[in-house]
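Notes for the structure review
Take a look at the letters that make up each chain.
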Amino acid sequence: MADLDDLVTVPLHAVAHGRAGDKGNRLNISVIPYEAEAYALLAAQLTPARVLALFAHRRAAKVTRYDLPLLHAFNFVIDDVLEGGVNGSLNLDGHGKTNSFRLLSLPVEMPRRLLRAPQRIGADGQA
Amino acid sequence: MFRIGNGAGFSGDRIDAAGPVVDTLIARGGPAAIFFEVLGERTVALAQLEKRRDPARGYEPMLERLLEPILVKCARHGIAIVGNFGAANPPGAARAIARLAEGLGLGDLRIAIVEGDDIRDGVDLARLEVYAADAALDQGASAIVSANAYLNAQPIVEALRAGAQVVATGRCGDPSLALAPLIHHYGWEENDWDRLALGSAVGHLLECGSQLTGGVYYDPGYKDIPDPANIGFPIAEVGADGRMFVGKADATGGVVNLQVVKEQLIYEVHDPANYITPDVTLDFSGVSLRQDGADRVEVMGVRGKPAPERLKATVCFEGGWLGEGEISVAGPNCLARAKSIAEVLLERLRRRKLKVQSRVDLIGVASVHDDDSGTLWRSYSGPEPADIRVRLAVAGSAHDDVDQAAREVLALLCCGPAGSGGARWRTTQRIRTQSYLVPRASVHPRVSVKPAGDWL
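Residues numbered from 1 in each chain as written. Chains lettered and ligands numbered in written order. Predicted model: local features only at pLDDT ≥ 70, side-chain atom pairs only at ≥ 80, totals over all residues.

1. Looking at the domain arrangement of chain B
Residue and element names in this part refer to chain B.
- Each assigned domain of chain B is listed with its residue range as follows: domain 1 (2-118 + 149-314 + 440-455) and domain 2 (317-435).
- Placing the centre of domain 1 and that of domain 2 at their C-alpha centroids yields a distance of 39 Å.
- Across the boundary between the two partners, domain 1 contributes eight residues, which contact four residues of domain 2.
- Those elements that place two or more of their residues in the side of domain 1 that touches domain 2 are helix 2 (43-53) and strand 15 (310-330).
- Partitioned by chemical class, the residues of the side of domain 1 that touches domain 2 number four nonpolar, one polar and three charged. (Domains from an automatic or database assignment. Contact = placed C-beta atoms within 7 Å. Helix = DSSP H or I, 4+ residues; strand = E, 2+ residues; numbered from the N terminus. Nonpolar A, V, L, I, M, F, W, Y, C, P; charged D, E, K, R; others polar.)

Set out below in structure tokens:
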């Protein structure tokens, strides 16, 4: 068993949860670490540029990150990612609600002790 | 202490959710109200289309099913019911509630409607500023189906002051539905921004129903909740001192913890320091939360700033037609067969020169995260799935082109690759929306309150 302080590369989902919501052609996704200590580590890694790259194939125009340090939470606002929004999109998920889990698939580097379910993740970061 | 519960978070929500909320409000005692938020951005346009077909309809289709289990209990215990179930036809909703009330022996039930949100006849859209989140959409010259301004809480307050026991509105701010009973109970002033923000935060947190109590939240092994088949809907308590707690109906599943409250607090919010409603601009940047026993969280630090000068109005346009067709392949080599189906369908649309926009999804490889050009499934290099459903989606202004395009999926039952089956196709009328900012002076809310018998 590896040390709990070891850094592992894991999907964001292993350390944080979140929720997506839409208004028009704009999507917001919250990212909330399970452990408060992960907040600062995520602040350094979850740059708007990295999030924008995740949605580049959808031609997202812009990502703005709002920080909520009292809640240890981030709010990512992604413009023009919904290919027309719920009423115009050909996508099955016109609301974009499933996109929270696209963001939660982003790889991040974290000490093992901050993982939600550290027993599930091996020394190589794989579940 | 005033309690307000939520009985539905969207049109299509569970119809048995409100019962345990009302039972809990009665068991706790004290003044209380329940609200229903059932009017999504385009629900009002779908209701307008229904009203065109049948002028008596065009209100929330599940209205009677939502209210029947609770109406007698609420009337007996003085629990006001507020909901935007009027949709495109608040008088129609009032008549439906009145019929239900008479049948339940509540002929004196005071039913109110709020109208005036429909601005189709009073406003020139060309002169209005487009709401920022929509700026990239081009609606062209499509026909308008509906145009509704988001009214604030004040007309609902007026109805409650006139003794309304049920209030059916059309379009209003979703949080306004919860704010209004609080203004009515506590007599908050129209410019007491911190109090209005407190009440609007209650509405914001509760307006999606179970999303505050475990819905859109549970994630097995990571975020588990008890009994997800019976998630209890939320109840908030607001004190005269401005303290606010959120919880849920007794004897139900779901959870109210810091994680789920954080998720819902930020849901559909852009700048947390400026969440705009017709009643007040909320500032969530100083919010903190405290778990106060099982399934109970205190929400602190909500601040308010003046309401925006203009109201948001959502306009729905006829958006042509959507056609969808699906067909499945499974077993050995299904990925190659699915890709072949995708390419053949797109080639068929080109050959037939059908005037449609198109997209293919490979469900089982990428059903929702892809873009219209199929970047994700085209570049997919992982293991072959056991089973793939190919989905063609097309949009166009001519129904026949859209229908013909979708039927190309059906034709694959004979013309497609080996082992394709389970084809389905359908067309649906589309609605497109665009939001604008409307001067308050050009919007004129109207309130009518009458006993059930007088609505019939």
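Still more ground to cover, so stick around.
2. Observations regarding the interface of chain A and chain B
- Residue-level contacts link 34 residues of chain A with 45 residues of chain B.
- Those elements that provide at least two residues to the side of chain A that touches chain B are strand 2 (16-23), strand 3 (26-33), strand 4 (62-68), strand 5 (73-79) and helix 3 (99-103) of chain A.
- The residue makeup of the side of chain A that touches chain B, split by class, is eleven nonpolar, 14 polar and nine charged.

3. Some words on the pairing of strand 6 (residues 144-149) of chain B
All names here are of chain B.
- Of all six residues in strand 6, five are buried; the element is thus mostly enclosed.
- As judged from the five bridges shared by strand 6 and strand 15, these two strands associate in the antiparallel manner. Across the sheet, the residue bridging to Ala149 is Ala313, located in strand 15. (Buried ≥ 20, exposed ≤ 12 C-beta atoms within 10 Å, placed from the backbone. Pairing = 2+ DSSP bridges.)

4. Describing the confidence of the model for chain B
- Per-residue confidence for chain B gives a mean pLDDT of 96, with 98% of residues at or over 70.
- Scoring the predicted complex yields pTM 0.95 and, for the interface, ipTM 0.94. (pLDDT = per-residue confidence, 0-100.)

5. Let's talk about unusual backbone geometry
- With a phi angle near 60°, Asp80 of chain A is a residue other than glycine that sits in the positive phi range.
- With respect to the helices, strands and loops of the structure, Asp80 of chain A is situated in the loop between strand 5 and helix 3.

6. Considerations on helix 2 of chain B
- Within the sequence span of helix 2 of chain B, burial applies to Thr43, Val44, Ala45, Leu46, Ala47 and Gln48 of chain B.
- Among the structural elements, strand 6, strand 15 and strand 18 (421-439) of chain B are those in contact with the buried residues of helix 2 of chain B.

7. Notes on the environment of Ala33 of chain B
All names here are of chain B.
- Within the element layout of this structure, Ala33 appears in strand 2 (residues 32-36).
- Among the residues examined, Ala33 registers 24 C-beta atoms within 10 Å and is labelled buried.
- The contact partners of Ala33, leaving out residues within four places of it in the chain, are Ile4, Ile79, Ala80, Val82 and Pro181.

8. A word on the sheet that holds strand 14 (residues 303-305) of chain B
All names here are of chain B.
- The sheet built from three strands is open, its strands ordered 10-11-14 with antiparallel pairing. Of all the strands in the sheet, just strand 10 (275-276) and strand 14 have a single pairing partner and so form its edges.
- Of the pairings in the sheet, the one linking strand 10 to strand 11 (residues 281-283) comprises two bridges and is antiparallel in character. Bridging across to strand 11, Ile276 finds its partner in Thr281.
- Sitting on the sheet, helix 8 (residues 193-206) is in contact with strand 11 and strand 14, with an inclination near 115° to strand 14. (Axes fitted to C-alpha atoms, helices over the stretch in contact; angles between N-to-C directions.)

9. Thoughts on the pairing of strand 7 (residues 166-169) of chain B
All names here are of chain B.
- Burial along strand 7 is two-sided: the face carrying Val166 and Ala168 and the face carrying Val167 and Thr169 are both buried.
- Taken together, the three bridges between strand 3 (residues 80-83) and strand 7 define a ladder with parallel strand orientation. What sits directly across from Val82, in strand 7, is Val167.

10. Here we look at the nonpolar core
- Val15 and Val31 of chain A together with Ile34, Ile97, Ile111, Val167 and Val202 of chain B are the most contacted members of the largest nonpolar core, which totals 149 residues.
- The element that contributes the greatest number of residues to this core is helix 8 of chain B, accounting for eight residues.
- Among residues more than four places away in sequence, those in contact with Val167 of chain B are Val82, Ala112, Val114, Ile156, Ala159 and Leu160 of chain B.
- Of all hydrophobic cores here, the second largest spans 28 residues; its members include Ile327, Leu354, Val409 and Leu412 of chain B. (Core = buried A, V, L, I, M, F, W, Y, C linked by C-beta atoms within 7 Å.)

11. Notes on the sheet that holds strand 5 of chain A
- With antiparallel pairing, the four strands of this open sheet are ordered in space as 2-3-5-4 (chain A). With partners counted over all chains shown, the strands left at the sheet margins are strand 2 and strand 4 of chain A, one partner each. Between one strand axis and the next, the sheet turns by 20° as a mean value, whatever way the strands run.
- Two strands pair when backbone bridges link them, and strand 2 of chain A and strand 3 of chain A are joined in this way by eight bridges, in the antiparallel orientation. The residue of strand 3 of chain A that forms the bridge with Gly21 of chain A is Asn28 of chain A.
- Across the sheet, helix 1 (residues 38-45) of chain A touches strand 2, strand 3 and strand 4 of chain A, and the angle it forms with strand 3 of chain A is around 140°.
- Relative to strand 3 of chain A, helix 9 (residues 258-266) of chain B is tilted by about 155°, and along the sheet it contacts strand 2, strand 3 and strand 5 of chain A.

12. Re helix 7 (residues 176-186) of chain B
Residue and element names in this part refer to chain B.
- Counted residue by residue, helix 7 has ten buried out of eleven residues, so it is predominantly covered.
- Within the span of helix 7, buried status applies to Ser176, Leu177, Ala178, Leu179, Ala180, Pro181, Leu182, Ile183, His184 and His185.
- Against the buried residues of helix 7 lie strand 1 (2-8), strand 2, strand 3, helix 6 (154-161), helix 8 and strand 8 (234-238).

13. Observations regarding the environment of Ala126 of chain B
Residues and elements named next belong to chain B.
- The residue Ala126 is located in the loop between strand 4 (110-115) and strand 5 (129-130) in this model.
- By C-beta crowding, Ala126 is classed as exposed, having 5 other C-beta atoms within 10 Å.
- Sequence-wise, Ala126 and Leu412 are 286 residues apart; in three dimensions their C-alpha atoms are separated by 46 Å.

14. Observations concerning the packing of helix 7 of chain B against helix 8 of chain B
Residues and elements named next belong to chain B.
- Packing of helix 7 against helix 8 brings their axes to within 7 Å, and their N-to-C directions diverge by 140°. Here helix 7 is positioned oblique relative to helix 8, judged by the angle of their axes. Crossing handedness for the pair helix 7 and helix 8: right-handed. Listed contacts from helix 8 to Ser176, Leu177, Ala178, Leu179, Leu182 and Ile183 of helix 7 are Leu196, Gly199, Ser200, Val202, Gly203 and Leu206.
- Residue classes in the contact of helix 7 with helix 8 are distributed as eight nonpolar, four polar and no charged. (Parallel < 35°, antiparallel > 145°, perpendicular 65-115°, else oblique. Left-handed = near helix turned anticlockwise from the far one by under 90°.)

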